[in-house]
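Geometric and topological summary
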Amino acid sequence: MIGLISATAAGAAARDRLAAAWPARTRVYEGTVADAVRRAFAECDQLVCFLATGAVVRLVAPLLADKASDPGVVCVDEAGRFAVSLVGGHAGGANELSCEVGELLGAEPVVTTATDAVGMPGLDTLGLPVEGDVAGVSRAVLDGEPVVLDTETVWPLPALPPNVGAPAREGAAVIRVSDRAQGPAAREVVLRPPSLVVGVGASRGAPVEEVLGLVEEALADAGLSLRSVAELATVDAKSEEPGILGAAARLGVPVVTHSAGELAAVAVPNPSDAPLAAVGTPSVAEAAALVGGGELLVPKRKSVRADGSPAMATVAVVRRPARGRLAVVGLGPGARDLLTPRATRELRRASVLVGLDQYVDQIRDLLRPGTLVLESGLGAEEERARTAVAEARRGQGVALIGSGDAGVYAMASPALAEASDDIDVVGVPGVTAALAAGAILGAPLGHDHVSISLSDLHTPWEVIERRVRAAAEADIVVTFYNPRSRGRDWQLPKALAILAEHREPVTPVGVVRNASRPDESSRVTTLGSLDPAIVDMMTVVTVGNTATREIAGRMVTPRGYRWQEESE
């Protein structure tokens, strides 16, 4: 919950804008400012104070206890010009909150955390549990010292500065990625990846303490960190077993279940007749831990009860294979303000960026220092797809970029054709050229519409022509991508002629070049008047249907024909 505190009418107006935008996330605190801050600080995860920074400093200073538990505090000035991350930038989420508040209120986020100021991810913001000298190692990274990166367990990380990854040497600062229980040494930070799967079997009514105690004991004996447990895995029949659910809740991890048939197909070293008779599989703990592959670190072991009665819990521990991450990111049509916040986050999360050189140039300033950039020119789409997937299979966090939406005439298709289920794939949608052009032209896509690429480089013209004819006969608005180039100058006139067989010469046509970019140009003409010579590969051509009209210089396609008829 985010507590909102203000002292003046101007502050209250901005406060109420946040409250209206985030009704489920915020709570307004009334009364005296000092009392409101005290109550919000005790009850909320974060605070936004519409007050002078000096006042907020004096009010929260006596309340501060520990940066790991204190709420994040953001301060917004009376004029709403700045959203200052004041306290709890990383642990309290104030840095991210200041950006969210700034975006909503039109204020400039002010983040002074050293790592964020230079574009470096904070070691405590990588999404992994962290132990050790975070401040000291971060300072070494910022100062450009050679910092050792010891990846005992491979796991996707954001890009780290070039000075991280130096050879091991005595006295050097160290970032260690490990699921072993060994704690950090001096000048060392240990990141705990979620690399361990604990398979659990339990008799009906097994106590939480017995299940949890066995998990903790098995990990401790194997020298493994409890903080690297990603999930407890079991058979479907045990999905509601209170002992398993309770142990997972205390560990803060999910319970993942698998069918008995799925587990029975997993080869295990220690099968047993007892679970086969009870739930239909010769193994629960080992099979559930191994179902996704990996290295069996702790074979099946049973709990030991003080009274000598039969064990009610079994566990096995597997280190699952490191999974790389491939984010296929749509950059939009070119304007920075049409690049989505989600796309920006993925670009900053990636350690490897793969893309067309001209697209890389558009967003190079958003990349973190140390990001490996693999760029190539036009015509190398399949090579980029293979490269991105190969880097993800090496355990990297990869962003593969494309213009518009990466799934529309862009990189998602070739990349996903290359990828298998051994990597995680995330799609990040973007604003397409058709949508950007449509917004410039008016509302040409107000009813059914289709996009057709006229490039026959990879698609035979016979197929393209068949699709154009189908759209023409169905009276659907058509947006043409890749309409005309120096070497392909006849396809657009041919496509327009096909549409003209079913539409009047006065049918509105919109032509937009470089939509949303500084040299953007647009015009609305007609099907009978369009000169294909004004069109090139940077142009999107939108041809209306029989209901599309030009109104005040804009293309408008009614939402429904019946509604149109009734209004005329």
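Here the structure is shown first, and the text comes after it.
Below, the structure is looked at part by part. (Residues numbered from 1 in each chain as written. Predicted model: local features only at pLDDT ≥ 70, side-chain atom pairs only at ≥ 80, totals over all residues. Heavy atoms only, no water.)

As a packed pair, helix α17 (residues 461–473) and helix α18 (residues 491–500) sit with axes 9 Å apart at the nearest point and diverge in direction by 30°. What the angle tells us is that α17 and α18 run roughly parallel. Of the two possible hands of crossing, α17 and α18 adopt the one that is right-handed. Contacts from Trp461, Glu465, Val468, Arg469 and Ala472 of α17 reach α18 at Gln491, Lys494, Ala495, Ile498 and Leu499. Of the residues contributing to the contact of α17 with α18, the split by class is six nonpolar, one polar and three charged. (Axes fitted to C-alpha atoms, helices over the stretch in contact; angles between N-to-C directions. Helix = DSSP H or I, 4+ residues; strand = E, 2+ residues; numbered from the N terminus. Parallel < 35°, antiparallel > 145°, perpendicular 65-115°, else oblique. Left-handed = near helix turned anticlockwise from the far one by under 90°. Contact = heavy atoms within 4.5 Å. Nonpolar A, V, L, I, M, F, W, Y, C, P; charged D, E, K, R; others polar.)

What follows deals with the pairing of strand β26 (residues 539–543). The buried fraction of β26 is high, at five of five residues. Here β26 shows a buried face lined by Thr539, Val541 and Val543 and a second buried face lined by Val540 and Thr542. Here strand β23 (residues 477–481) pairs with β26 via three bridges, running antiparallel. Looking at β26, one finds that Phe480 is bridged to Val541. For strand β24 (residues 508–513) and β26, the ladder comprises five bridges, and the chain directions are antiparallel. If you follow Gly510 over to β26, its bridge partner there is Thr542. (Buried < 20%, exposed > 50% of the residue type's maximum accessible area, 1.4 Å probe, protein only. Pairing = 2+ DSSP bridges.)

Once that is clear, we can look at the nonpolar core. Soluble, globular proteins show a tendency: their nonpolar side chains are buried together. Formed by 24 residues in total, the largest nonpolar core has its most connected members in Val198, Val200, Leu219, Leu232, Val315 and Val317. Those elements giving two or more residues to this core turn out to be β11 (196–202), α7 (208–221), β12 (229–235), α8 (242–251) and β15 (313–319). It is α7 that contributes the most residues to this core, six residues altogether. Discounting chain neighbours no more than four positions away, the residues touching Leu219 are Leu196, Leu224, Leu226, Val229 and Val317. Of all hydrophobic cores here, the second largest spans 21 residues; its members include Ala495, Leu496, Leu499 and Val535. (Core = buried A, V, L, I, M, F, W, Y, C linked by side-chain atoms within 4.5 Å.)

So, on to the sheet that holds β23. The strands that make up a sheet pair up through hydrogen bonds in the backbone, lying either parallel or antiparallel. If you walk across this open sheet you meet the five strands as β22-β23-β26-β24-β25, and the pairing is mixed. Two strands bound the open sheet, and with one partner strand each, they are β22 (449–453) and β25 (521–526). Adjacent strand axes in the sheet meet at a mean angle of 20°, parallel and antiparallel pairs treated alike. Note that β24 and β25 share six bridges and pair antiparallel. Considered in β25, the bridge of Val511 is made with Arg523.

Once that is clear, we can look at the sheet that holds strand β19 (residues 397–402). Ordered by their spatial adjacency, five strands build an open sheet running β18-β17-β19-β16-β20, and the pairing between neighbours is parallel. The sheet is open, and its two borders are formed by β18 (372–376) and β20 (424–428), each paired with just one other strand. Neighbour to neighbour, the strand axes of the sheet diverge by 15° on average, direction disregarded. Docked against the sheet, helix α12 (residues 341–349) engages β16 (325–330), β17 (352–356), β19 and β20, running at close to 140° with respect to β16.

Let us look at the packing of aromatic side chains. In the structure shown here, the tally under the stated rule is two aromatic pairs. For the pair Tyr409 and Tyr481, a centre-to-centre distance of 4.8 Å together with 50° between the ring planes defines the contact as tilted. One end of the pair, Tyr409, is in the loop between β19 and α15 (412–418); the other, Tyr481, is in strand β23, with 72 residues separating them in the sequence. Here the aromatic rings of Trp461 and Trp490 are separated by 5.1 Å at their centres, their planes lie at 70°, and the arrangement is edge-to-face. Linking Trp461 in helix α17 with Trp490 in the loop between β23 and α18, this pair joins segments that are 29 residues apart in sequence. Residue classification places Trp461 among the buried residues on the basis of a relative accessible area of 10%. For the cation-ring pair, Arg25 lies above Trp22, with the distance from its terminal atom to the ring centre recorded as 4.4 Å. (Phe/Tyr/Trp six-rings, centres within 6.5 Å; stacked < 30°, edge-to-face > 60°. Lys NZ or Arg CZ within 6 Å of the ring centre and 35° of its normal.)

To continue, consider the environment of Gln491. Following the sequence through the fold, Gln491 ends up in helix α18. Spatially, the C-alpha atoms of Gln491 and Leu104 are 45 Å apart, while their sequence positions differ by 387 residues. Once you skip the residues sitting within four places of it in the chain, Gln491 turns out to touch Leu454, Asp456 and Trp461.

Next up on the list: helix α4 (residues 94–105). Between the first and last C-alpha of α4 there are 16 Å, a value that for 12 residues agrees with the 16 Å anticipated at 1.5 Å per step. Buried within α4 are the following residues: Ala94, Asn95, Leu97, Ser98, Val101, Gly102 and Leu105. Here the buried residues of α4 occupy an arc of 160° about the axis, which is enough to place them on one side. Turned more than 90 degrees away from the buried face of α4 sit Glu96 and Glu103, all of them exposed. One or two steps after α4, the chain reaches Gly106, where phi turns positive at roughly 75°. (Expected span 1.5 Å × (residues − 1). Arc of directions from axis to C-beta.)

Right, let's talk about the environment of Arg39 for a bit. Along the polypeptide, Arg39 turns up in helix α2 (residues 33–43). Judged by its relative accessible area of 29%, Arg39 is partly exposed. Spatially, the C-alpha atoms of Arg39 and Tyr29 are 8.1 Å apart, while their sequence positions differ by 10 residues. Leaving out residues up to four positions away in the same chain, Arg39 has contacts with Tyr29 and Glu30.

Here, the word disulfide means a covalent bond between the sulfur atoms of two cysteines. For the structure on display, the rule yields zero disulfides. Cys49 provides the cysteine sulfur closest to Cys75, a residue in no disulfide bond, and the two sulfurs are 6.5 Å apart. Classification of Cys75 by relative accessible area gives buried; the value is 1%. (Disulfide = S-S within 2.5 Å.)

The subject of this paragraph is the packing of helix α1 (residues 9–21) against α4. Between α1 and α4, the least distance of the axes is 11 Å, while the angle of their chain directions is 105°. When the axes of α1 and α4 are compared, the pair comes out roughly perpendicular. Counted together, Ala14, Arg17, Leu18 and Ala21 of α1 and Val101, Leu104 and Leu105 of α4 form the full contact between these two elements. Broken down by class, the residue content of the contact of α1 with α4 amounts to six nonpolar, no polar and one charged.

Looking at chain direction, β22 and β23 are connected through five bridges and run parallel. Across the sheet, the residue bridging to Ser451 is Thr479, located in β23.

The residue Ser6 is located in strand β1 (residues 2–6) in this model. The exposure class assigned to Ser6 is buried, which follows from its relative accessible area of 12%. Polar contacts involving the side chain of Ser6 include one to the side chain of Arg15, which spans 3.1 Å. Sequence-distant contacts of Ser6, that is, excluding residues within four places in its chain, are made with Gly11, Ala12, Arg15, Val33, Phe50 and Leu51. (Polar contact = N/O pair within 3.5 Å; in protein donor to acceptor, adjacent residues only side chain to side chain.)

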